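Below are the chains, spelled out letter by letter.
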Amino acid sequence: MQKKWNTQLIHSDVKIPEGFRSLNTPVYRASTVLFPNAVAVSDEWDQYEFGYTYGLYGTPTVLELAARICELERGYRTLITPGGQSAISLVNLALLKAGDHILVPHSIYGPNRLFAGRMLKHFGVDVTFYDPNLGSRIDALFQPTTRLIWTESPGSVTMEVQDLPAICKAAHGAGAIVVLDNTWSAGVLLDAFAHGVDITMQALTKYVGGHSDLLLGSVTALEKKVFDRLGAAQQLLGFAASPDDASLALRGLKTMAVRLKTIEASALELARWLASRPEIELVLHPALESCPGHEFWKRDFSGSAGVFSIVFRRDFSKEKVLGFVDALELFEIGYSWAGVTSLAVAYDLQRTKTRPDYGHRIVRLNIGLEDLEDLRADLLRALENMR
Ligand SMILES: Cc1ncc(COP(=O)(O)O)c(C=O)c1O
């Protein structure tokens with residue numbers, strides 16, 4: 001038909017050459033997805049089963065990332081969420097109802113603990129926090145209504161490695177499912193499903209993104225019936241992930257192996273060296289015997305990441321510890337981790353029954369891709385500055 005120019009702006013007849021092939025998955029941005037005819041219209045979220053229906057459920061860029069994460073973690077299928085925290089809330093909101101009981105380790109990522117303690121309790125879910133070192137003794141905490149056990153291995157900041165097979169065995173015996181925050185392993189250093197876990201989630205924000213410039217999360221299920229419940233909830237919650245961020249994460253995956261290798265070697269070297277320093281009481285790196293649950297890391301993991309914590313001697317005041325962090329020049333101060341820049345953050349842990357009493361003396365380090373000897377020199381100068 002004949003079109004005026006302002007219609008042509010929207011409905012053009014131009015043709016460009018076909019057959020272009022790039023090494024990279026294109027960034028498909030879309031809310032509207034076109035259907036071939038009126039009868040084909042549907043609002044099904046499961047685009048694997050029904051074909052593409054709506055941008056909220058993922059454009060090909062987002063689905064490519066989901067499939068890649070699923071391939072690495074060896075699950076049934078993966079959902080991509082706008083960040084790691086929304087992956088956590090998706091799992092909780094999809095699988096729990098008022099009257100259910102869940103178990104959450106004291107060592108879990110702070111906002112995960114807060115989601116359970118505030119939001120889930122508000123919705124009538126009963127929450128028990130547990131010592132991450134319990135292993136099979138976790139069964140003493142089960143109630144007839146226990147539906148879900150959160151795990152994170154190693155835990156955030158205090159780095160306890162959990163006995164996942166023992167926890168999973170106990171949970172399955174009681175009819176509960178186990179969810180693992182698998183962010184530290186980047187989904188590749190621990191084969192979570194082979195160790196009994198039912199669902200994994202990751203903050204792709206960390207090693208998959210790898211450059212501190214995006215926020216994304218993933219939830220991977222081992223079984224179709226669990227995936228279906230998660231997908232249906234994602235539709236209702238409206239947790240759409242950005243295709244632009246998914247594209248950056250796909251790029252991040254391509255270099256993740258070399259980043260992890262260098263980061264692992266530098267972190268191990270620095271952790272061992274820090275353990276020999278007189279200022280430091282304890283190094284909490286899963287590959288060192290001094291880390292609670294080191295034996296489980298040795299048994300279950302195929303490598304280590306670049307995040308670990310150091311605990312200063314008891315005689316160092318809070319001011320001295322904060323002074324150490326401020327004296328660092330290459331280590332920047334900031335949340336999130338797993339990027340190429342080394343980071344240091346001091347924590348002041350509340351005394352809870354099963355949280356170790358490290359008080360104000362604990363500092364978490366993220367090792368990046370700077371030269372190892374420059375990082376060592378930076379740490380040495382800051383340690384000497386504490387005297
Ligand atoms: C272990 C862990 N899980 C989940 C998250 C949440 O990820 P996001 O910041 O993408 O929401 C973080 C972020 O710091 C984390 O460290």
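Residues numbered from 1 in each chain as written. Predicted model: local features only at pLDDT ≥ 70, side-chain atom pairs only at ≥ 80, totals over all residues. Heavy atoms only, no water.

Peer 1: Can you help me understand empty space enclosed by the protein in this one?
Peer 2: If you walk through the whole model with that rule in mind, you get 2 cavities of 30 Å³ or more. Taken as a whole, the largest cavity encloses approximately 200 Å³ of empty space. What lines the largest cavity is a set of 20 residues, among which Tyr57, Gly58, Leu63, Leu79 and Gln234 lie closest to the centre. Of all elements in the fold, only α2 (47-50), α3 (60-73), β1 (77-81) and α7 (224-237) reach the threshold of two or more residues within the lining of the largest cavity. With 4 residues, the single largest contributor to the lining of the largest cavity is α7. Looking at the lining of the largest cavity residue by residue, the classes come out as 13 nonpolar, 6 polar and 1 charged. Here the second largest cavity defines a volume of roughly 40 Å³. Lining the second largest cavity, in full, are Val307, Gly334, Ser336, Trp337, Leu343, Val345, Arg364, Leu365 and Asn366. The element best represented in the lining of the second largest cavity is strand β11 (residues 362-366), accounting for 3 residues. In the lining of the second largest cavity, the residues fall into 5 nonpolar, 3 polar and 1 charged. (1 Å grid on protein atoms, 1.4 Å probe; cavity = no way out; pocket = protein on both sides within 12 Å on 5 of 7 lines; lining within 4 Å. Points joined across faces, edges and corners; volume = space filled by probe spheres on them. Helix = DSSP H or I, 4+ residues; strand = E, 2+ residues; numbered from the N terminus. Nonpolar A, V, L, I, M, F, W, Y, C, P; charged D, E, K, R; others polar.)

Peer 1: Explain the sheet that holds strand β10 (residues 343-347) here, please?
Peer 2: Strand pairing within a sheet occurs via backbone hydrogen bonds; the two strands may be parallel or antiparallel. The sheet built from 4 strands is open, its strands ordered β8-β9-β11-β10 with antiparallel pairing. Of all the strands in the sheet, just β8 (280-284) and β10 have a single pairing partner and so form its edges. Adjacent strand axes in the sheet meet at a mean angle of 20 degrees, parallel and antiparallel pairs treated alike. One ladder, built from 5 bridges, connects β10 with β11; its direction is antiparallel. In the strand pairing of β11, Tyr347 is matched with Ile362. (Pairing = 2+ DSSP bridges. Axes fitted to C-alpha atoms, helices over the stretch in contact; angles between N-to-C directions.)

Peer 1: For this particular structure, what's the right way to read the pattern of salt bridges?
Peer 2: Oppositely charged side chains can pair when the atoms bearing their charge come close. Within the structure shown, the criterion is met by 21 salt bridges. Asp100 is paired through a salt bridge with Arg147; the nearest N and O atoms lie 3.4 Å apart. With Asp100 in the loop between α4 (84-95) and β2 (101-105) and Arg147 in strand β4 (residues 146-152), this residue pair connects regions lying 47 residues apart in the sequence. A salt bridge links Glu279 to Arg387; the nearest nitrogen and oxygen atoms lie 3.8 Å apart. In this pair, Glu279 sits in the loop between α8 (243-275) and β8 while Arg387 sits in the segment after α11 (372-384), placing the two residues 108 residues apart along the sequence. Look at the salt bridges and you will find they share partners, linking Lys97, Asp100 and Arg147 into a network. (Salt bridge = Lys/Arg side-chain N within 4 Å of Asp/Glu carboxyl O.)

Peer 1: I keep staring at α7 and nothing clicks. Help me out?
Peer 2: The end-to-end C-alpha distance of α7, which contains 14 residues, comes to 20 Å, matching closely the 20 Å that a straight helix rising 1.5 Å per residue would cover. Those residues of α7 lying buried are Val226, Phe227, Leu230, Gly231, Ala233 and Gln234. Down the axis of α7, the sector holding all buried residues measures 165 degrees, keeping them to one side. In this structure, α7 carries Lys225 and Leu236 as exposed residues pointing more than 90 degrees from its buried face. (Expected span 1.5 Å × (residues − 1). Buried < 20%, exposed > 50% of the residue type's maximum accessible area, 1.4 Å probe, protein only. Arc of directions from axis to C-beta.)

Peer 1: Looking at this structure, how should I read the layout of surface pockets?
Peer 2: Rolling a probe over the atoms, with the probe sized like a water molecule, indicates the empty space that remains. In this structure, the largest pocket encloses a volume near 890 Å³. Within the residue set of the lining of the largest pocket, elements represented by two or more residues are α4, α5 (110-122), β6 (199-203) and β10. Class assignment for the residues of the lining of the largest pocket results in 18 nonpolar, 12 polar and 7 charged. The volume enclosed by the second largest pocket comes to roughly 290 Å³. Leu95, Ile177, Lys225, Val226 and Arg229 are the residues nearest the centre of the second largest pocket, which is lined by 13 residues in total. Mapped onto the lining of the second largest pocket, the elements with two or more residues apiece are β4 and α7. Take the lining of the second largest pocket: its biggest share by element is 3 residues, from α7. Tallied by class, the residues present in the lining of the second largest pocket amount to 6 nonpolar, 1 polar and 6 charged.

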